[in-house]
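# Overview (structure and organization)
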Amino acid sequence: MKTIVKMIVVLTAISLLSGGLLSSLDSYTAPRIAENRMKQLKAAIAEVLPKYDYYDEFKTKTSVIYVGKLNGVEEPVGLAFKTAGNGFQGKIVMMVGVKPDFSEVIKMRVLEQVETPGLGTKIVVDPSNKENPLWFPEQFEGLILNPAIEVIKNLKPEKDNQIQAIAGATISSQAIANILNEQIAEVKRAYEAR
Amino acid sequence: MDLTSLVVSMASMGGLGALFAIGLAIAHVKLHVEVDPRIDMVMGELPGANCGGCGLPGCSAFAEAIVAGNAAITGCPVNTQDGVDEIAGIMGVQAEVKEKELARVLCNGGNAETAPKAIYKGIKTCLAAHLTFGGDKLCKYGCLGYGDCVVSCPFDAIYIGDNGLPLVDEEKCTACGNCVTACPRNIIEVHPVSHNLFVFCKSEDEAKYTKLTCTRACNGCKACQKGAGVEKIEMVNNLPRINYEVYGVVDEVPTTKCRNNAIGLIESVKVPVTTAQENK
Amino acid sequence: MARKKNKLTYEFLKGIWDENPVLISLLGLCPALAVTNSATNGLAMSLATGFVLLCSSILISLIRKIIPSQVRIAGFIVIIATFVTIADRYLAAFFPAISKDLGPFVPLIVVNCLILGRQEAFSSKNNIGRSMLDSLGMTTGFLFVLVILGAIRELLGSGTVFGLEIMGDWFNPWMVMILPPGAFFTLGILIGIVNLINNKRA
């Protein structure tokens, strides 16, 4: 009987202390962590929109749209939102900025990806291209959204809604186009119905 | 610090802890195994070499067998008399005294005495050589000298001498029997120290073969049996088998007519043998 | 390395070579393979693991006489998990980039057999002084291996070490080194070298 009591007391005591310690620790680290997240978010938004003074948040059922505005100007400078979907090896998360009329992309930035190093990772940066390592993301600047984004292999794109795929990483490239097409359309529907 | 979250954290963690502790307590009661404390005490008095000399897989198995009454206290050949006495005390029985035993190598056919059959380029173990056309020596009963016995000894008590024959360190040997099992030709036997007469040969060949295979081989001439008497030495397959119970302690060899000095007293074998005769 | 088994310094030194957790005892292989794609990550992971190992060793050594054997494992895991959470939150708050790079492997320190193994085998049976030395030694050994492994993989796989460009433009990086297969055979070669040296010595 003594053993049983001791067992229960000791394990409960350890657990209580653990819970207490972690809770106190959390009040110390949680603000910092939230701050870090906010910083990351703001940096991502700032990258994909032209200059803005502040942004409003517009929540849809599935995402949050960051509406960048200049002081005193009603018309937003652009809309930024996260898009995510399946790439070749895992999830790809992007922050994309579009014009308020959803006619073209302002800029795109990949936030998270786990594509094949050296191939799929070229969607972020391509070190093998010495002149312009950022050639892939740069294709999205000013990319027309109507008709939908198309991916061309091996040739230089002719139309303004086309981008060139990464040689050897066509699936990653196509995944980006698919994610953007689908989700930009969805966000457009939700925003314009507000 | 947010008090609510602190209380919730502590309550949930503490609750989980208590819950699991209760679960473990129930398991402790329901799944309890009764262990005889004497087993651990006997284990403490065993050498802990896990050599298998007792015939059981390891010292803990032997301790369990002793406590269960399934093994003799003197069953561990490695244990000292003090250890045996302690175990007897734990089990509350009379201690027995067991005579010291040693491993004896019953072959005198080393490199100088034997004729080779072939050059062996296989795995250098006695077992592998023995399985390969009966080994690389003409005598298919004798020691091959690759040292399986050496490898098997947990006490470093046996080593291959200069002549290619295994030599036993009588201080270290505990008669655990591992070398006996390791030898593919059953050349090594465990005997009490009171046995001092041995036939240092395992060859079942007749004289016309042994004169080709080895200069120290027993050729089955029965001279020793004639000298000692059939009740003391029995001939089995051209080899003398000594009946130690009947013979008792021996103070001289039964015959001087053993041509190759295959039979002898154990002291005489300690002197290294050099032969004048070369086998071709 | 010191061979005298019971001297206090040996408790520390054994973790570096004789009983190196990764190369000899083959513990903690999961982080050793997963996060050594760069030397910085290897360093960060080994420091995080070391923090958890040291703190939990001290605490477990303190309570070793009052914890009943039936709740030993559960108790150890709670203690280890607490310190891992502390390490994880600390990294996320103050070193977000590293936290992102190490990803799910910081929480996985809880089930790193290196930590539970040392607590079971050592800290629950020895006083605080020895347990601390043992933990520090094991951490140092773990750190050496992870940093060396990370440096090799980073050098050959990206041309850099700790982020500094070492190989010039002429070098075409061996992509396989920063992928899982590269981790496996580099670690295998390291273990082989250590075994070779030990066999030569024996």
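Rules used in this analysis
- Residues numbered from 1 in each chain as written.
- Chains lettered and ligands numbered in written order.
- Predicted model: local features only at pLDDT ≥ 70, side-chain atom pairs only at ≥ 80, totals over all residues.
- Heavy atoms only, no water.
- Helix = DSSP H or I, 4+ residues; strand = E, 2+ residues; numbered from the N terminus.
- Buried < 20%, exposed > 50% of the residue type's maximum accessible area, 1.4 Å probe, protein only.
- Contact = heavy atoms within 4.5 Å.
- Areas by Shrake-Rupley, 256 points an atom, 1.4 Å probe, with all protein chains shown as cover.
- Core = buried A, V, L, I, M, F, W, Y, C linked by side-chain atoms within 4.5 Å.
- Buried area = accessible area lost by both parts, 1.4 Å probe.
- Salt bridge = Lys/Arg side-chain N within 4 Å of Asp/Glu carboxyl O.
- Polar contact = N/O pair within 3.5 Å; in protein donor to acceptor, adjacent residues only side chain to side chain.
- Nonpolar A, V, L, I, M, F, W, Y, C, P; charged D, E, K, R; others polar.
- Pairing = 2+ DSSP bridges.
- Axes fitted to C-alpha atoms, helices over the stretch in contact; angles between N-to-C directions.
- Disulfide = S-S within 2.5 Å.
- pLDDT = per-residue confidence, 0-100.

On a plain count of helices and strands, chain C comes out with 8 helices and 2 strands. By the burial criterion, 48% of the 202 residues in chain C qualify as buried. When contacts within chain C are restricted to residue pairs at least 6 apart in sequence, long-range pairs at least 24 apart make up 71% of them. Put simply, chain C shows about 9,400 Å² of open surface, and 71% of that area lies on carbon and sulfur atoms.

Ranked by internal contacts, the top residues of the largest apolar core, which has 49 residues, are Leu 23, Val 52 and Ile 109 of chain C. Counting residues per element, this core draws most heavily on helix α4 (residues 72-94) of chain C, which supplies 9 residues. For Val 52 of chain C, the residues in contact, after removing those within four places along its chain, are Ile 80, Phe 83, Val 84, Ala 87, Ile 109 and Ile 115 of chain C. Counting 33 residues, the second-largest nonpolar core is a separate cluster that includes Cys 51, Ile 73, Phe 155 and Cys 183 of chain B.

Moving on to the interface of chain A and chain C. At the interface, 22 residues of chain A touch 24 residues of chain C. Here chain A and chain C share an interface that buries about 2,000 Å² over both sides, 76% of which is from carbon and sulfur atoms. In terms of surface lost to chain C, no three residues of chain A exceed Met 7, Ile 14 and Pro 117 of chain A, which account for 22% of the buried area on that side. Put simply, chain A and chain C have 0 salt bridges between them. Where chain A touches chain C, the interface holds 4 residue pairs in polar contact (both at pLDDT 80 or more). Residue assignment for the side of chain A that touches chain C shows that the elements contributing at least two residues are α1 (2-48) and β5 (105-112) of chain A. Looking at the side of chain A that touches chain C element by element, the count peaks at 17 residues for α1 of chain A. In the side of chain A that touches chain C, the residues fall into 11 nonpolar, 6 polar and 5 charged.

All names here are of chain A. Strand order in the open sheet formed by 5 strands is β1-β2-β3-β4-β5, and the pairing between neighbours is antiparallel. With partners counted over all chains shown, the strands left at the sheet margins are β1 (54-59) and β5, one partner each. Going from strand to strand, the sheet's axes swing by 25° on average, the running direction of each strand aside. Sheet analysis places β1 next to strand β2 (residues 64-69), joined by 6 bridges and oriented antiparallel. Bridge pairing in β2 links Tyr 55 to Gly 68. Contacting β1, β2, β3 (78-86), β4 (91-98) and β5, α1 runs over the sheet at an angle of about 150° to β5.

Let us look at the state of the cysteines. Covalent bonding between the sulfur atoms of two cysteines defines a disulfide. All names here are of chain B. Inspection of the entire model under this criterion finds 0 disulfides over all chains. The structure places no disulfide on Cys 173, whose sulfur is separated from the nearest cysteine sulfur, that of Cys 179, by 6.3 Å. With no disulfide partner, Cys 214 has as its closest neighbouring cysteine sulfur the one in Cys 107, 6.3 Å distant.

What follows concerns the side chain of Gln 164 of chain A. Residues and elements named next belong to chain A. Assignment of secondary structure puts Gln 164 in strand β7 (residues 162-164). Exposure remark for Gln 164: the relative accessible area of 18% places this residue in the buried category. Separated by 3.5 Å, the side chain of Gln 164 and the backbone oxygen of Leu 155 make a polar contact. Not counting residues up to four positions away in its chain, the partners in contact with Gln 164 are Trp 135, Phe 136, Gln 139, Ile 152, Asn 154, Leu 155, Lys 156 and Pro 157.

When pLDDT is averaged along chain C, the result is 89; 97% of the residues meet or exceed 70. For this predicted complex, the interface confidence score (ipTM) comes to 0.79, while the overall pTM stands at 0.65.

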